[in-house]
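# Descriptive structure summary
Now for the letters of each chain:
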Amino acid sequence: MSASVSMPLGGVQVGSYDTYERAQAAVDHLSDEKFPVENVTIIGSDLRQVEQVLGRLTTGRAIAAGAAGGAWWGLFVGLLLGIFSEDGAGWIGAVLTGLLVGVVFGALFGWMGYAATQGKRDFTSTSRIVAGRYDVMCTPPHAEQAREILARFSLRF
């Protein structure tokens, strides 16, 4: 067994930023300065899930959302089947039939999905994972050069 010094994942910290965009800009600046960026890692720390509530979900909205999704699938299937039609009327008929069937089944599945929740989640939302801090890490042989470049970069702000 060999002895080794433990190093944090990604190497040595050369910068720390409040937003991902600032960390990304720092790495972009390193790249602009011809620094070998394949030696750099961005690590997000203090992760948390943020769920943004968009609005109230009602039976009507669930049916409408299902119908809209079904319309896209129906249009897609109708266009595929329309390829095999022999004339323009057959093509239009296939597209409209696919669209109509998609809307009906989408609305039905939207309603069934909403009914299955039994009112336990009557809102729509989006979720994302965000970090409290973004550290720019670098392999030890290149860390000092990266720090020097990023020190000049930080003077620009």
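Right, let's walk through the structure included here. (Residues numbered from 1 in each chain as written. Predicted model: local features only at pLDDT ≥ 70, side-chain atom pairs only at ≥ 80, totals over all residues. Heavy atoms only, no water.)

### Observations regarding the overall build of the chain
Within the chain, the secondary structure is distributed over 4 helices and 3 strands. The globule rule puts the C-alpha radius of gyration for 157 residues at 15 Å, and the 27 Å found for the chain is more than 25% above it. Dimensions of the chain, computed from the C-alpha atoms along their principal axes, are close to 70 × 45 × 45 Å. Scored against the burial criterion, the 157 residues of the chain give a buried share of 27%. Put simply, 85% of the contacts in the chain that link residues at least 6 apart link residues at least 24 apart. With an accessible surface of roughly 10,800 Å², the chain has 62% of that area assigned to carbon and sulfur atoms. Positive and negative side-chain charges in the chain, numbering 12 and 14 respectively, have mean positions lying 9 Å apart. (Helix = DSSP H or I, 4+ residues; strand = E, 2+ residues; numbered from the N terminus. Rg over C-alpha atoms; globule rule 2.2 N^0.38 Å. Buried < 20%, exposed > 50% of the residue type's maximum accessible area, 1.4 Å probe, protein only. Contact = heavy atoms within 4.5 Å. Areas by Shrake-Rupley, 256 points an atom, 1.4 Å probe, with all protein chains shown as cover. Lys, Arg positive; Asp, Glu negative; His and termini not counted. Charge placed at Lys NZ, Arg CZ, Asp CG, Glu CD.)

### Digging into helix α1 (residues 20-32)
When the terminal C-alpha atoms of α1 are compared, their 18 Å separation across 13 residues agrees well with the 18 Å that a helix rising 1.5 Å per residue should span. Within the sequence span of α1, burial applies to Ala23, Ala26, Val27, His29 and Leu30. What you see down the axis of α1 is that its buried residues fit within an arc of 155 degrees, all on one side. Packed against the buried residues of α1 are β1 (12-17), β2 (40-56), β3 (123-138) and α4 (140-154). Directly after α1, the chain includes Lys34, whose backbone phi takes a positive value near 65 degrees. (Expected span 1.5 Å × (residues − 1). Arc of directions from axis to C-beta.)

### Considering the side chain of Asp135
As for its placement among the helices and strands, Asp135 is situated in strand β3. A distance of 2.8 Å separates polar atoms of two side chains, one belonging to Asp135 and the other to Ser16. Those residues in contact with Asp135, other than ones at most four positions away along the chain, are Gln13, Gly15, Ser16, Thr41, Ile42, Ile43 and Ser45. (Polar contact = N/O pair within 3.5 Å; in protein donor to acceptor, adjacent residues only side chain to side chain.)

### Some thoughts on the pattern of salt bridges
Evaluation of the coordinates by the stated rule reveals 4 salt bridges. The partner of Asp135 in a salt bridge is Arg133, and the shortest N-O contact between them spans 3.0 Å. Through salt bridges that share partners, Asp46, Arg133 and Asp135 make up one connected network. (Salt bridge = Lys/Arg side-chain N within 4 Å of Asp/Glu carboxyl O.)

### Overview of the packing of aromatic side chains
The tally for this structure, following the rule as stated, stands at 3 aromatic pairs. A ring pair is formed by Trp73 and Phe76, whose centres lie 6.1 Å apart and whose planes are at 85 degrees; its orientation type is edge-to-face. Here Trp73 pairs with Phe76, and both are found in helix α2 (residues 59-82), just 3 residues apart, close to one helical turn. Since its relative accessible area comes to 61%, Trp73 is described here as exposed. (Phe/Tyr/Trp six-rings, centres within 6.5 Å; stacked < 30°, edge-to-face > 60°.)

### Let's talk about the nonpolar core
Counting residues in hydrophobic clusters, the biggest one holds 17 residues, and the most contacted among them are Val14, Leu30, Phe35, Val40, Val136 and Leu150. At the level of elements, β1, α1, β3 and α4 are the ones that each hand at least two residues to this core. Looking at this core element by element, the count peaks at 5 residues for α4. Once residues lying within four places of it in the same chain are set aside, the contact partners of Val14 are Val136, Met137, Cys138, Ala143, Ala146, Arg147 and Leu150. (Core = buried A, V, L, I, M, F, W, Y, C linked by side-chain atoms within 4.5 Å.)

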